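The lines below spell out each chain.
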Amino acid sequence: MPIVKAYAAADSKSNIAPLSIERRELGSHDVQVEIMYCGVCHSDIHTARNEWGGTVYPVVPGHEIVGKVKGVGSAVTKFKVGQTVGVGVMVDSCRVCPNCKNNYEQYCKEGMTGTYNALERNGSGKRTMGGYSAEIVTDENYVLNIKEQENLAGVAPLLCAGITTYSPLKFADVKKGTRVAVVGLGGLGHMAVKFAVAFGAEVTVISTSPSKVAEANKLGAHHFILAKDADSLKPYDSSFDVVLDAISADHDYTQYLNLLGLEGKLLVVGLPEHNPKVLPFALIKNRRSIIGSMIGSIKETQEMLDFCHEHKIYAEIEKIPMGSINEAYERMIKGDIKYRFVIDMSTL
Ligand code: NAP
Ligand code: ZN
Ligand code: ZN
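Residues numbered from 1 in each chain as written. Chains lettered and ligands numbered in written order. Predicted model: local features only at pLDDT ≥ 70, side-chain atom pairs only at ≥ 80, totals over all residues. Heavy atoms only, no water.

I keep staring at the coordination of the zinc ion (ligand 2) and nothing clicks. Help me out?
Put simply, the ideal angle at a metal is 109.5 degrees for four donors in tetrahedral geometry and 90 or 180 degrees for six donors in octahedral geometry. Looking at the metal site, the zinc ion (ligand 2) is ligated by Cys41 (SG), His63 (NE2) and Cys160 (SG), spaced 2.0 to 2.2 Å from it. Taken in sequence order, the residues that donate to the zinc ion (ligand 2) follow the motif C-x21-H-x96-C. Residue His63 is found in the loop between helix H1 (42-48) and strand S4 (65-72), and its partner Cys160 is found in the loop between helix H3 (152-155) and helix H4 (161-171); the two are separated by 97 residues along the sequence. This pair shows no difference in class: His63 is buried, exactly as Cys160 is. (Donors = N, O, S within 2.8 Å, 3.2 Å for Na, K, Ca; no water. Helix = DSSP H or I, 4+ residues; strand = E, 2+ residues; numbered from the N terminus. Buried < 20%, exposed > 50% of the residue type's maximum accessible area, 1.4 Å probe, protein only.)

This is the structure we're talking about:
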């Protein structure tokens, strides 16, 4: 088994620290990727700190991976050595259930296999290990093609933050004139703003951070609401067609449901530790709905990457060395990042 350098959490309280891990031998359909950049998603923090339960230690987080193909298995047809590729949140699924067969493998009936903290499907009993690492070995069907470009570090966050916001905005048919509010201007939220603007929507950012007013405008948003408290949203009752909720911390849905006009949709992607509250009266008014969404399929992720390449859409990033990961987590929790940390894996 090849041994590679990585960074892992040893338990829910410990810092992320160096660890050598085993990668599986290259199978006939596997692609060996030398990792160049890995984005830092808030899900990495939730998992490293066991905020959702179910973390098995040691865990190597990281699922916004861009790198170069270093080796390919004998039966690989989609990728060649030297090619630039991406690996996102999902590295496998059952491949035979109706959802897998219909390009919804993120909703695989057996549950998709996450890039970290999931059981490998090859029966080894081992856990998947993510992108805070020198290399990863992934089945070619779950590897994305990245077109050659200068800003590969700015592409990495598209593999999670990008697809997770692109997919529900598409599902909700956001287009020219749709009144969209994005709540929580973090890694996911800022990508949601970029996509909603690219789709022609009228976009409002709702944020708790006064320091983000100017940037929201630079991202293309048309309006900004500073959510100091529940009262600050009252004047906007029934004003939006779509509200995308990308908040990582505990909060109630009701104040955001109240923002929706007739048949408005609350798109939920944020996954806080504790369950939010929903008032049924806020739901029945205007025949509102709450729609959850988990990443996107491999097909849709490729479509999103190609869309971003065509429209020159990248994440706004701050590049960090691997050794700064713990400080980066603390800054993310404080909201002190505009808008995504990306680890330069050459510093590993
Ligand atoms: P992030 O970069 O840390 O951004 C989260 C944002 O939430 C912050 O920038 C902040 O925005 C807002 N926020 C934080 N605390 C808040 C509070 N107490 N009240 C109101 N707003 C608050 O996180 P991320 O990486 O974008 O991830 C966001 C969430 O999506 C996480 O829970 C993550 O696990 C989840 N996620 C879901 C999927 C999926 O498939 N559904 C995929 C990836 C991630 P402001 O400063 O603008 O207020
Ligand atoms: Zn993520
Ligand atoms: Zn399946």
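I'm lost on the domain arrangement of the protein in this one. Help?
By a frequent convention, interface size equals the accessible area lost on bringing the separate parts together. By the assigned domains, the protein splits into domain 1 (3-160 + 296-347) and domain 2 (162-292). Just the C-alpha atoms count here: the centres of domain 1 and domain 2 sit 26 Å apart. Contact with domain 1, which involves 23 residues of that partner, is made by 25 residues of domain 2. The junction of domain 1 with domain 2 conceals about 2,100 Å² of combined surface from both sides, 60% of it contributed by carbon and sulfur atoms. Inspection of the region where domain 1 meets domain 2 yields two salt bridges. When contributions to the side of domain 1 that touches domain 2 are tallied by element, the ones reaching two or more residues are H1 and helix H9 (298-311). Here the side of domain 1 that touches domain 2 takes six residues from H9, the largest share from any one element. (Domains from an automatic or database assignment. Contact = heavy atoms within 4.5 Å. Buried area = accessible area lost by both parts, 1.4 Å probe. Salt bridge = Lys/Arg side-chain N within 4 Å of Asp/Glu carboxyl O.)

What is the right way to look at the pairing of strand S16 (residues 317-321) in this model?
In the case of a regular strand, side chains alternate between the two sheet surfaces. Judged from the five bridges that link them, S16 and strand S17 (residues 340-344) form a sheet pairing that is parallel. Its bridge partner being in S17, Ile320 is matched across the sheet by Ile343. Tracing the backbone out of S16, into helix H10 (residues 325-333) and back to the parallel element S17 gives a crossover that is right-handed. (Pairing = 2+ DSSP bridges. Right-handed = clockwise from strand over helix to strand, strands pointing away.)

Quick question: what am I supposed to make of the nonpolar core here?
The tendency in soluble globular proteins is for nonpolar side chains to be buried side by side. Within the largest apolar cluster, 53 residues are counted, with the highest numbers of intra-cluster contacts made by Leu169, Val174, Val180, Val193, Phe195, Met304 and Leu305. Among the elements of the structure, H3, H4, strand S10 (179-183), helix H5 (187-198), strand S11 (202-207), strand S13 (240-245) and H9 are those that each provide at least two residues to this core. By residue number, the principal contributor to this core is H5, which donates six residues. Domain assignment of the residues forming this core places at least three in each of domain 1 (3-160 + 296-347) and domain 2 (162-292). Excluding residues that lie within four positions of it along the chain, Val174 makes contacts with Leu169, Val180, Phe199, Ala201 and Val242. (Core = buried A, V, L, I, M, F, W, Y, C linked by side-chain atoms within 4.5 Å.)

Would you mind going over the sheet that holds S13 with me for this structure?
Hydrogen bonds between backbone groups are what pair the strands of a sheet, and the pairing can be parallel or antiparallel. Spatial ordering of the open sheet is given by S12-S11-S10-S13-S14-S15, a layout of six strands whose pairing is parallel. Strand pairing shows two members of the sheet lacking a second neighbour, strand S12 (223-226) and strand S15 (289-292), which therefore form its edges. Neighbouring strand axes in the sheet, compared pairwise and without regard to direction, differ in orientation by 20° on average. Sheet analysis places S10 next to S13, joined by four bridges and oriented parallel. The partner of Val180 across the bridge, within S13, is Val242. (Axes fitted to C-alpha atoms, helices over the stretch in contact; angles between N-to-C directions.)

Whenever I open this one, the site of ligand 1 confuses me. Can you help?
Not every one of the 27 residues close to ligand 1 is listed here, only the nearest: His42, Ser207, Thr208, Ser209 and Lys212. Lys212 places a side-chain nitrogen or oxygen 2.6 Å from an oxygen atom of ligand 1. Here Leu271 contributes a backbone N or O atom positioned 2.9 Å from an oxygen atom of ligand 1. Computed on the free molecule, ligand 1 has an accessible area of 930 Å², of which 88% lies beneath the protein chains in the complex. Broken down by secondary-structure element, the contributors of at least two residues to the shell around ligand 1 are H1 and H5. The element best represented in the shell around ligand 1 is H1, accounting for three residues. Across the shell around ligand 1, the residue classes break down as 12 nonpolar, 13 polar and two charged. Both domain 1 (3-160 + 296-347) and domain 2 (162-292) contribute no fewer than three residues apiece to the shell around ligand 1. (Near = heavy atom within 4 Å. Polar contact = N/O pair within 3.5 Å; in protein donor to acceptor, adjacent residues only side chain to side chain. Areas by Shrake-Rupley, 256 points an atom, 1.4 Å probe, with all protein chains shown as cover. Nonpolar A, V, L, I, M, F, W, Y, C, P; charged D, E, K, R; others polar.)

Just checking my understanding: could you explain the coordination of the zinc ion (ligand 3) for this structure?
Donor atoms from the polypeptide that bind the zinc ion (ligand 3) are Cys94 (SG), Cys97 (SG), Cys100 (SG) and Cys108 (SG), placed at 2.3 to 2.4 Å. If you look at the zinc ion (ligand 3), its four donor atoms make angles of 104 to 121° with each other, and the shape they trace is tetrahedral. For the zinc ion (ligand 3), the donor residues sit on a single chain with the sequence spacing C-x2-C-x2-C-x7-C. By relative accessible area, which is 8% here, Cys97 ends up buried. (Tetrahedral: all angles 85-135°; square planar, octahedral: opposite > 155°, others 65-115°.)

Would you explain the packing of aromatic side chains in this entry?
When we look at a pair of aromatic rings, we describe it by the centre distance and by the angle of the planes. Enumeration over the complete set of coordinates arrives at six aromatic pairs. Relative to Phe195, the ring of Tyr166 has its centre 5.3 Å away and its plane inclined at 75°; by these criteria the two rings are edge-to-face. Here Tyr166, found in helix H4, pairs with Phe195, found in helix H5; they are 29 residues apart in sequence, far enough to count as distant. Comparing Tyr166 with Phe195 shows no difference in burial state: the two are buried. Ring pairs connect the aromatic residues Tyr166, Phe195, Phe199 and Phe307, which therefore count as one cluster. Above the ring of Phe199, the side-chain terminus of Lys170 is found at 4.8 Å from the ring centroid. (Phe/Tyr/Trp six-rings, centres within 6.5 Å; stacked < 30°, edge-to-face > 60°. Lys NZ or Arg CZ within 6 Å of the ring centre and 35° of its normal.)

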